[in-house]
Amino acid sequence: MSWTPRLGNCEICGEEVLMMSASQRYCPDCREIMKRTNGGENRKILVAKRIARKRGTDPDRYRGEETECKHKGSCYYGSGKFCEYLTIEGHSRLLAGYPIRGGKCGAYKRGKHKEKKRIE
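Rules of the game
- Residues numbered from 1 in each chain as written.
- Predicted model: local features only at pLDDT ≥ 70, side-chain atom pairs only at ≥ 80, totals over all residues.
- Heavy atoms only, no water.
- Helix = DSSP H or I, 4+ residues; strand = E, 2+ residues; numbered from the N terminus.
- Buried < 20%, exposed > 50% of the residue type's maximum accessible area, 1.4 Å probe, protein only.
- Contact = heavy atoms within 4.5 Å.
- Areas by Shrake-Rupley, 256 points an atom, 1.4 Å probe, with all protein chains shown as cover.
- Phe/Tyr/Trp six-rings, centres within 6.5 Å; stacked < 30°, edge-to-face > 60°.
- Lys NZ or Arg CZ within 6 Å of the ring centre and 35° of its normal.
- Core = buried A, V, L, I, M, F, W, Y, C linked by side-chain atoms within 4.5 Å.
- Salt bridge = Lys/Arg side-chain N within 4 Å of Asp/Glu carboxyl O.
- Pairing = 2+ DSSP bridges.
- Patch = residues over 30% accessible without salt bridge, like charges linked within 9 Å, V, L, I, M, F, W, Y side chains within 5 Å.
- Lys, Arg positive; Asp, Glu negative; His and termini not counted.
- Charge placed at Lys NZ, Arg CZ, Asp CG, Glu CD.
- Polar contact = N/O pair within 3.5 Å; in protein donor to acceptor, adjacent residues only side chain to side chain.

> Can you lay out the overall build of the protein for me, pointing to particular residues and giving the numbers?
The number of helices and strands found in the protein is three helices and four strands. When its helices and strands are written in sequence order, the protein yields β-β-α-α-α-β-β. Looking at the 120 residues of the protein, the share that counts as buried comes to 17%. Of all intrachain contacts in the protein linking residues separated by at least 6 positions in sequence, the fraction that spans at least 24 positions is 31%. Accessible surface for the protein amounts to roughly 10100 Å². Of this, 53% is attributable to carbon and sulfur atoms.

Here's what the structure looks like:
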């Protein structure tokens with residue numbers, strides 16, 4: 001079913017406008033105002049993300065924060081791809097005071113953990 005143009009009101013000024021699509025919400029004058037105000041606010045964020053992508057870096061790492069443990073494969077709490085500290089201990093390792101430094105967290109223990117068998 002295609003959209004048929006119909007009269008509607010602008011959400012900002014209330015002027016009656018011929019709505020040409022289902023997603024149209026503003027009259028032409030208010031639409032230009034919204035583009036200028038919202039575009040200016042978001043431009044800095046978009047530029048920062050674009051620069052980070054060109055550098056091939058994660059924005060969090062670029063700010064100096066490490067977000068992911070690199071030793072999950074050999075850690076007692078790791079399961080290959082994920083850190084299972086929360087499920088094993090029952091609380092977050094960050095709240096327990098183990099931030100990531102040097103690619104691994106302070107709770108790092110060498111060895112593999114054994115998965116608990118489910119009782120059904």
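Structure's up, so let's keep going.
> Lay out the packing of aromatic side chains with the relevant residues and their values.
This structure, assessed with the given rule, holds three aromatic pairs. Ring geometry for tyrosine 77 versus tyrosine 85: centroids 4.7 Å apart, planes at 65 degrees, classification edge-to-face. For the pair tyrosine 77 and tyrosine 85, one class covers both residues: buried. Feature note: the residues Tyr76, Tyr77, Tyr85 and Tyr98 constitute an aromatic cluster, connected by ring pairs. Its guanidinium or amino end placed over the ring of tyrosine 76, lysine 109 lies 5.7 Å from that ring's centre, counting from NZ or CZ.

> Describe the nonpolar core, listing the residues and the values that go with them.
Formed by Cys69, Cys75, Tyr77, Tyr85, Ile100, Cys105 and Ala107, the largest nonpolar core amounts to seven residues. The residues contacting cysteine 69, other than those within four sequence positions of it, are Ile100, Gly103, Lys104 and Cys105.

> Would you mind going over the pattern of salt bridges in detail, with residue names and values included?
The tally for this structure, following the rule as stated, stands at two salt bridges. Ionic pairing is found between glutamate 32 and lysine 35, a salt bridge with its closest N-O pair at 4.0 Å. Placement of the pair is glutamate 32 and lysine 35 together in helix H1 (residues 28–55), with a separation of three residues, close to one helical turn. Judged by relative accessible area, glutamate 32 falls into the partly exposed class, the value being 38%. Looking at lysine 35, the relative accessible area reads 54%, which means it is exposed.

> Pulling in residues and values, what's your account of the pairing of strand E1 (residues 6–9)?
In this sheet, strand E2 (residues 16–19) lies alongside E1 in antiparallel orientation, the contact comprising four bridges. For arginine 6, the partnering residue across the bridge sits in E2 and is methionine 19. The loop that links E1 with its antiparallel partner E2 comprises six residues; one of these, glycine 14, has a positive phi angle of about 80 degrees.

> Can you lay out a positive patch on the surface for me, pointing to particular residues and giving the numbers?
Taken together, the side chains of Lys49, Arg50, Arg53 and Lys54 make up a positively charged region of the molecular surface. Summarising the element assignment, lysine 49 is placed in helix H1. For lysine 49, a relative accessible area of 45% translates into the label partly exposed.

> Give me the lowdown on the side chain of glutamine 24, citing residues and values where you can.
Mapped onto the fold, glutamine 24 is located in the loop between E2 and H1. Residue classification places glutamine 24 among the buried residues on the basis of a relative accessible area of 17%. Reaching out from glutamine 24, the side chain makes a polar contact with the backbone nitrogen of methionine 20 at a distance of 2.7 Å. Sequence-distant contacts of glutamine 24, that is, excluding residues within four places in its chain, are made with Val17, Leu18, Met19 and Arg31.

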